[in-house]
Structure formats: structure tokens, C-alpha cells
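Now for the letters of each chain:
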Amino acid sequence: MMIESGNLDCSVDCMRVCRTELRDQTIASILSPRTALNLLSQALTKGTTFEIESMELIYAKEPSQGEDALLQDILSHRHVPVWKVVLKTESDLSRYDYYIHAATGEIQAIQEHR
């Protein structure tokens, strides 16, 4: 939505439009793909074998923390670099999308596809 021409006021889950804003801390470096995969490997269930289908660096909405997290997620337009890793299990051929914060290594989200 724009109230004034050329001045974006907000967007609603439109992934093509992200507001650029100053952050308290600049992200000066990110994890290498190998480091991100090592962190993911340590977090996964032992005894299950996964095949890496794809890995790409993307920007994803930054999840909010705390009491007002849901409201903040709705209002937030902050995006951060994440490694999106798509894995497939050999046992039941399920696919999983893992989103790893590229600066901190924190696994932010997991989505399963059957």
C-alpha cells in the first residue's frame, strides 16, 4: 500500500517486496555452505540417511520472539539471509525443507512434504 506516491507503507505477505531498513547490527559475513550443512547434520536424527536435493541462499522473513511474536510476524518486513536445504529421506522418500540462518546457524524452520 502507498499513501504517498513512491513511499511504500506496507506489504502483506508479498514476497517480492521487502522493506529495506537499518539494523542495529550489520551482517558482515555468513556461514559457508559446508558449515551450514555440518550444523544441520549435528541437529538431525542419528540413524536416518538423507540425500541433499538442493541448497540455496535466499532471504526469508525473520521470525519474531516473545509475547507479541504473532503480531510482530504479521507486521514485520525484516528479511534475513538463510540457507534453504532440501533433504530427502532414503527410507520413506519424504522431503524436508530446512531454513538455517546464514549468520547465526540457527535452524529457523522445517517444512515436511510427503
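Look above for the structure.
As the structure is a prediction and not an experimental result, all values here were calculated from the model. Counting starts from 1 at the beginning of each chain's written sequence and moves along it residue by residue. Totals for whole chains, interfaces and linings use all residues, but because this is a predicted model, local features are given only for residues with pLDDT of at least 70 and pairs of side-chain atoms are given and counted only at 80 or more. Only hydrogens and water are set aside when side-chain values are computed; all heavy atoms of the structure are taken into account.

Peer 1: Account for the overall build of the protein chain, naming residues and giving values.
Peer 2: Along its length, the protein chain carries two helices and six strands. In the protein chain, the succession of α and β elements from N to C terminus is β-β-α-β-α-β-β-β. Partly exposed describes any residue whose relative accessible area lies between the buried limit of under 20% and the exposed limit of over 50%, with all areas from a 1.4 Å probe on protein chains only and scaled to the type maximum. Buried positions account for 25% of the 114 residues belonging to the protein chain. Here the analysis covers contacts within the protein chain between residues at least 6 apart in sequence; of these, 45% occur between residues at least 24 apart. A 1.4 Å probe and the Shrake-Rupley method give the accessible areas. Residues count as covered only by the protein chains that appear here. As displayed, the protein chain offers around 8400 Å² of accessible surface, 50% of which is attributable to carbon and sulfur atoms. Labels follow the DSSP assignment, with helices taken as runs of H or I lasting at least four residues and strands as runs of E lasting at least two, numbered in each case from the N terminus. In what follows, residue pairs with any heavy atoms lying within 4.5 Å of each other are defined as contacts.

Peer 1: Please set out the packing of aromatic side chains residue by residue, giving values where relevant.
Peer 2: Any Phe, Tyr or Trp ring, taking Trp's six-membered ring, that has another such ring centre within 6.5 Å forms a pair; planes under 30 degrees apart are called stacked, those over 60 apart edge-to-face, and the others tilted. Taken as a whole and judged by the stated rule, the model has two aromatic pairs. Taking the centre distance of 6.3 Å and the plane angle of 40 degrees together, the rings of Y96 and Y98 count as tilted. Exposure class is identical for Y96 and Y98. Each is buried. A connected cluster of aromatic rings, assembled from ring pairs, spans F50, Y96 and Y98.

Peer 1: Account for the nonpolar core, naming residues and giving values.
Peer 2: The definition of a nonpolar core used throughout is a set of buried Ala, Val, Leu, Ile, Met, Phe, Trp, Tyr and Cys residues joined through side-chain atoms within 4.5 Å. Counting residues in hydrophobic clusters, the biggest one holds eleven residues: L31, A36, L40, L44, W83, V85, L87, Y96, Y98, I100 and A102. When residues of this core are traced back to their parent elements, those giving at least two are helix 1 (33-43), strand 4 (79-89) and strand 5 (95-101). Beyond its immediate stretch of four places on either side in the chain, L44 contacts F50, L87 and Y98.

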